[in-house]
Amino acid sequence: MRRRRRPWLPLGVAVLLVMCVTAAFTASSIVAASRAAIGTFTVTANNLKPSQCAALNLTRVRGIGSPGGTAGASLFVGNAANNTMVGGSSSDCIVGGAGNDAINGAGGTDVCLGGAGTDTFTNCETAIQ
């Protein structure tokens with residue numbers, strides 16, 4: 001009686017060996033469960049305001065190029081360029097950043113923070129260079 005050849009047997013053994021090795025490596029790199037993705041919260045202007053503006057209840061964040069003169073207390077944020085910033089009719093927190101900024105608080109009780117550079121302040125109840 002003659003033995004039958006099984007040409008697929010070496011291939012099957014090789015596939016089985018690869019699967020076992022892969023499973024062993026996968027099992028050793030399991031990351032423990034965490035709750036990192038469960039907690040969420042909304043970032044508001046009050047979360048971002050500097051400590052000098054702690055007394056203000058801010059409702060929005062505005063950047064360079066945002067028009068002033070709107071109702072609602074805002075956090076205005078400048079950049080490193082020379083900015084001209086005009087607050088709205090409410091109590092605003094205006095942060096100029098670096099550069100020579102012209103900061104106008106307009107209406108309300110405004111806190112104006114200049115930062116680096118030579119800044120000019122108009123209609124700011126509190127002005128800090």
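Anything mentioned here points back to the structure above.
Structure report, in brief. Just so we're clear, the structure is a prediction, and the values are computed from it rather than from any experiment.

### Notes on the overall build of the protein
On a plain count of helices and strands, the protein comes out with 2 helices and 8 strands. In the protein, the succession of helices and strands from N to C terminus is α-α-β-β-β-β-β-β-β-β. A total of 129 residues make up the protein; the buried ones form 24% of that total. Within the protein, residue pairs in contact and separated by at least 24 positions form 10% of the contacts whose partners lie at least 6 positions apart. A total accessible area of about 8800 Å² is found for the protein, and carbon and sulfur atoms account for 62% of it.

### Comments concerning the pairing of strand β2 (residues 74-77)
In terms of strand pairing, strand β1 (residues 60-62) meets β2 through 3 bridges, oriented parallel. Paired with Arg-62 across the strands is Phe-76, a residue of β2.

### Some words on the side chain of Asp-110
Structurally, Asp-110 can be placed in the loop between β5 (102-104) and β6 (111-113). Buried charge Asp-110 goes without a salt bridge, the closest partner of opposite sign being Arg-62 at 12 Å. A distance of 2.8 Å separates a polar atom in the side chain of Asp-110 from the backbone nitrogen of Asp-92.

### Side note on the state of the cysteines
Covalent bonding between the sulfur atoms of two cysteines defines a disulfide. All chains considered together, the criterion is met by 2 disulfides. The disulfide that involves Cys-53 links it to Cys-93, with 2.0 Å between the sulfurs. Torsion about the S-S bond of the Cys-53 and Cys-93 cystine: about 65°, corresponding to right-handed handedness. Residue Cys-53 is located in the loop between α2 (45-48) and β1, and its partner Cys-93 is located in strand β4 (residues 93-95); the two are separated by 40 residues in the primary sequence. Assigned by exposure class, Cys-53 and Cys-93 land together as buried. The disulfide that involves Cys-112 links it to Cys-124, with 2.1 Å between the sulfurs.

Each value, and the rule that gives it
- Counting of residues starts from 1 at the beginning of each chain's written sequence and follows it residue by residue.
- Per-residue local features are limited, in this predicted model, to residues with pLDDT of at least 70; the limit for side-chain atom pairs, both in listing and counting, is 80 or more; totals at the level of whole chains, interfaces and linings are taken over all residues.
- Think of the side-chain values as coming from all heavy atoms in the structure, minus any hydrogens and water.
- Elements are defined by DSSP. Helices are runs of H or I of four residues or more, strands are runs of E of two residues or more, and each kind is numbered from the N terminus.
- Each residue's exposure class comes from its accessible area (1.4 Å probe, protein chains only) as a fraction of the maximum for that residue type: buried when under 20%, exposed when over 50%, partly exposed otherwise.
- Here, residues are in contact when the closest pair of their heavy atoms is within 4.5 Å.
- All accessible-area figures derive from a Shrake-Rupley calculation using a 1.4 Å probe, and residue coverage is judged against the displayed protein chains alone.
- Here, any two strands with at least 2 DSSP bridges between them count as paired.
- Two residue types count as positive, namely Lys and Arg, and two as negative, namely Asp and Glu; His and chain ends fall outside the count.
- When a carboxyl oxygen of Asp or Glu is within 4 Å of a side-chain nitrogen of Lys or Arg, the pair counts as a salt bridge.
- The term polar contact refers here to a pair of N or O atoms within 3.5 Å; inside protein, the definition further demands a hydrogen-donor-capable atom paired with an acceptor-capable atom, and it admits residues adjacent in sequence only when both atoms are side-chain atoms.
- By disulfide we mean two sulfur atoms from cysteines, separated by a distance within 2.5 Å.

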